[in-house]
Amino acid sequence: PAVTSPCKILKCNSEFWAATSGSHHLGTEEAPEFCTALRAYAHCTRRTARTCRGDLAYHSAVHGIDDLMVQHNCSKDGPTSQPRLRTLPPGDSQERSDSPEICHYEKSFHKHSAAPNYTHCGLFGDPHLRTFTDTFQTCKVQGAWPLIDNNYLNVQVTNTPVLPGSAATATSKLTIIFKSFQECVDQKVYQAEMDELPAAFADGSKNGGDKHGANSLKITEKVSGQHIEIQAKYIGTTIVVRQVGRYLTFAVRMPEEVVNAVEDRDSQGLYLCLRGCPLNQQIDFQTIRSAQATEGRARRKGPSVPAPPEAFTYETATAKCREKLPVEDLYFQSCVFDLLTTGDINFMLAAYYAFEDVKMLHSNKDKLHLYERTRDLAPGNMAPSGTPHTLWVALLCLSQCWLCLL
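Residues numbered from 1 in each chain as written. Predicted model: local features only at pLDDT ≥ 70, side-chain atom pairs only at ≥ 80, totals over all residues. Heavy atoms only, no water.

As recorded in an unreviewed UniProt entry, the protein chain goes by RGMA protein and comes from Sula dactylatra. Per UniProt, the protein chain carries the Subcellular location (unreviewed entry) text "Cell membrane". UniProt, in the comment section headed Sequence similarities (unreviewed entry), describes the protein chain in these words: "Belongs to the repulsive guidance molecule (RGM) family." (UniProt positions renumbered as here; feature names shortened; annotations may be inferred.)

And the structure:
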């Protein structure tokens, strides 16, 4: 149903990294093999050039190839087969113990003060958004939308319909741009899409480039093709990207200081992780969930949509979600919502892994679970999800006392 990009630059990047894995610092005896893999990489990019016009990852890869050719004195003419190169000995992590202090966030910015306050944002499923302020929303946001946009990095997601003619969307493409930062890292682009979850940046590298603190930005593959983690120590940030079924999930842990590091705050209106989804893109989760319970199937406002390939009733969806999410919080409710809307069991796993990422990334363990605290409010009058229950009780008591005085 969702169209995959004809640009195959991610495939070229993955093939090059597979051929050169673990061999960033090559001995002279390995240089010919590296040049062979590099020529194969260049040949692959030429084959996909016509379909990659305007693709940022493609142009980044082309420039990266030219630079590597010069650095390793590689000839553009020669064999292009891709032998597997020898990996580095165990324990040689290429870490530089003398990396500049500025390239370690906690050591540099908070040397003489309290530990930084970390925040979390996540996007998963159909799609559900947990913002840096722990607001939980279900959104439509079809097409390309910025998740994060600050002085250090940009994150953009592309959401496509799950079923033809359906308002249900999920993330099919993700682009992360780490901006060049002092002596720590060069600008790096990471791009993933359906069935392509690379374990390297667009230029084939796995760290921040040639600068002295390059290893303060690193990619680690946790599960091949399914789970990668990016550590950006120079900004104290951890990013987790997963492919669950055909779609992607995103989670980030970031210091508040980095979250709010923007030159023009007025330009943050569509920064989803900070501001949330625009009102006209939000789905009234409470109303639709009520319809799910009574009708046995999710119904969105607007024209009717085709039935999902596998029909779930409210009861079967609830039972299935309870297998992975025993606590009936908003992650559980999102799971039920997605199964009824899409019929795709992978959306249950997306909700499960999203919560697993929260447990790993959120600094406040008391806020892992989010619950609806506005069940009795009329639709459209929903209070912020972070409003304490005690505040509502206090307001209710005050209103009753005021009525007594009248």
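So, next bit.
**Q** Give me the lowdown on the confidence of the model for the protein chain, citing residues and values where you can.
**A** With 73% of its residues at a pLDDT of 70 or more, the protein chain has an overall mean of 78. Contacts of residues 82-98 to residues separated by more than four positions or lying in other chains number 37 contacts, the stretch itself having pLDDT below 50. Of the regions scoring below 50 in pLDDT, residues 373-406 engages in 25 contacts with residues more than four places distant in sequence or in other chains. (pLDDT = per-residue confidence, 0-100. Contact = heavy atoms within 4.5 Å.)

**Q** Tell me about the sheet that holds strand β4 (residues 143-149), and please be specific about residues and values.
**A** Reading across the sheet, the four strands line up as β4-β5-β6-β7 and stay open at both edges, with antiparallel pairing between neighbours. Both outer strands of the open sheet, β4 and β7 (188-193), are each paired with one neighbouring strand and no more. Put simply, the sheet's adjacent strands are angled 20 degrees from each other on average, direction ignored. Sheet topology note: the strand β6 (residues 169-178)/β7 ladder contains six bridges and is antiparallel. In the sheet register, L174 faces β7, and the bridge partner there is A192. (Pairing = 2+ DSSP bridges. Helix = DSSP H or I, 4+ residues; strand = E, 2+ residues; numbered from the N terminus. Axes fitted to C-alpha atoms, helices over the stretch in contact; angles between N-to-C directions.)

**Q** How would you summarise the nonpolar core if you had to cite specific residues and measurements?
**A** Counting residues in each nonpolar core, the largest one holds 47 residues, and the members touching the most others are I148 and I176. The element that contributes the greatest number of residues to this core is strand β11 (residues 247-255), accounting for four residues. (Core = buried A, V, L, I, M, F, W, Y, C linked by side-chain atoms within 4.5 Å. Buried < 20%, exposed > 50% of the residue type's maximum accessible area, 1.4 Å probe, protein only.)

**Q** Let's hear about the pattern of salt bridges: which residues, and what values?
**A** Within this structure, the stated rule accounts for six salt bridges. The salt bridge partner of D357 is R242, with a shortest N-O separation of 2.8 Å. With a gap of 115 residues between them, D357 in helix α10 (residues 346-361) and R242 in strand β10 (residues 237-244) connect regions that are remote in the sequence. The burial state of D357 is the same as that of R242; both residues are buried. Residues R322 and E328 are paired through a salt bridge, measuring 2.6 Å at the closest nitrogen-oxygen approach. Given the relative accessible area of 38%, R322 is considered partly exposed. (Salt bridge = Lys/Arg side-chain N within 4 Å of Asp/Glu carboxyl O.)

**Q** Which residues make up the pairing of β7, and what values go with them?
**A** Looking along a regular strand, one sees side chains alternate from face to face of the sheet. Burial runs high along β7: six of the six residues are buried. Side chains of β7 alternate between two faces, with K188, Y190 and A192 and V189, Q191 and E193 buried alike.

**Q** Could you give me a rundown of the packing of aromatic side chains, with the residues and numbers involved?
**A** Taken as a whole and judged by the stated rule, the model has eleven aromatic pairs. Their ring planes at 65 degrees and their centres at 5.7 Å tell us that Y152 and F181 sit as a pair that is edge-to-face. Residue Y152 is found in the loop between β4 and β5 (153-161), and its partner F181 is found in the loop between β6 and β7; the two are separated by 29 residues along the sequence. Overall, the relative accessible area of 18% leaves Y152 in the buried class. (Phe/Tyr/Trp six-rings, centres within 6.5 Å; stacked < 30°, edge-to-face > 60°.)

**Q** Quick rundown of the side chain of S172? Include the residues and the values.
**A** With respect to the helices and strands, the residue S172 is situated in strand β6. Take S172: its relative accessible area is 7%, and that puts it in the buried class. Among residues more than four places away in sequence, those in contact with S172 are T158, T160, A192, E193, M194, Y247 and L248.

**Q** I'd like a description of the packing of helix α8 (residues 314-324) against α10, backed by residues and values.
**A** In the contact formed by α8 and α10, the axes pass within 10 Å of each other and the chain directions differ by 35 degrees. Crossing of α8 against α10: the hand is right-handed. Note on element contacts: α10 touches α8 through M348, L349 and Y352, opposite K320, C321 and K324. Residue composition of the contact of α8 with α10, grouped by class: four nonpolar, no polar and two charged. (Left-handed = near helix turned anticlockwise from the far one by under 90°. Nonpolar A, V, L, I, M, F, W, Y, C, P; charged D, E, K, R; others polar.)

**Q** So what's going on with the packing of helix α9 (residues 330-342) against α10? Which residues, and what values?
**A** It is the contact of α9 with α10, at a shortest axis distance of 8 Å, that shows an interaxial angle of 160 degrees. Taken together, the axes of α9 and α10 lie roughly antiparallel to each other. The handedness of the crossing between α9 and α10 comes out as right-handed. Taken together, the residues of α10 that come into contact with α9 (itself represented by Y331, C335, D338, L339 and T342) are F347, M348, A351, A354, F355 and V358. For the contact of α9 with α10, the per-class residue count stands at nine nonpolar, one polar and one charged. (Parallel < 35°, antiparallel > 145°, perpendicular 65-115°, else oblique.)

**Q** Residue-level account of helix α3 (residues 56-71), with values.
**A** Each α-helix turn comprises 3.6 residues. Residues three or four places apart therefore point the same way. In a regular helix each residue adds 1.5 Å, so 16 residues correspond to 22 Å; α3 covers 23 Å between its end C-alpha atoms and thus fits that length. For α3, the set of buried residues is A57, Y58, A61, G64, I65, L68 and M69. Looking straight down α3, one finds its buried side chains confined to an arc of 135 degrees; they lie on one side. α3 presents H63 and V70 as exposed residues on the side facing more than 90 degrees away from its buried surface. N73 lies just past α3 and shows a positive phi near 50 degrees. (Expected span 1.5 Å × (residues − 1). Arc of directions from axis to C-beta.)

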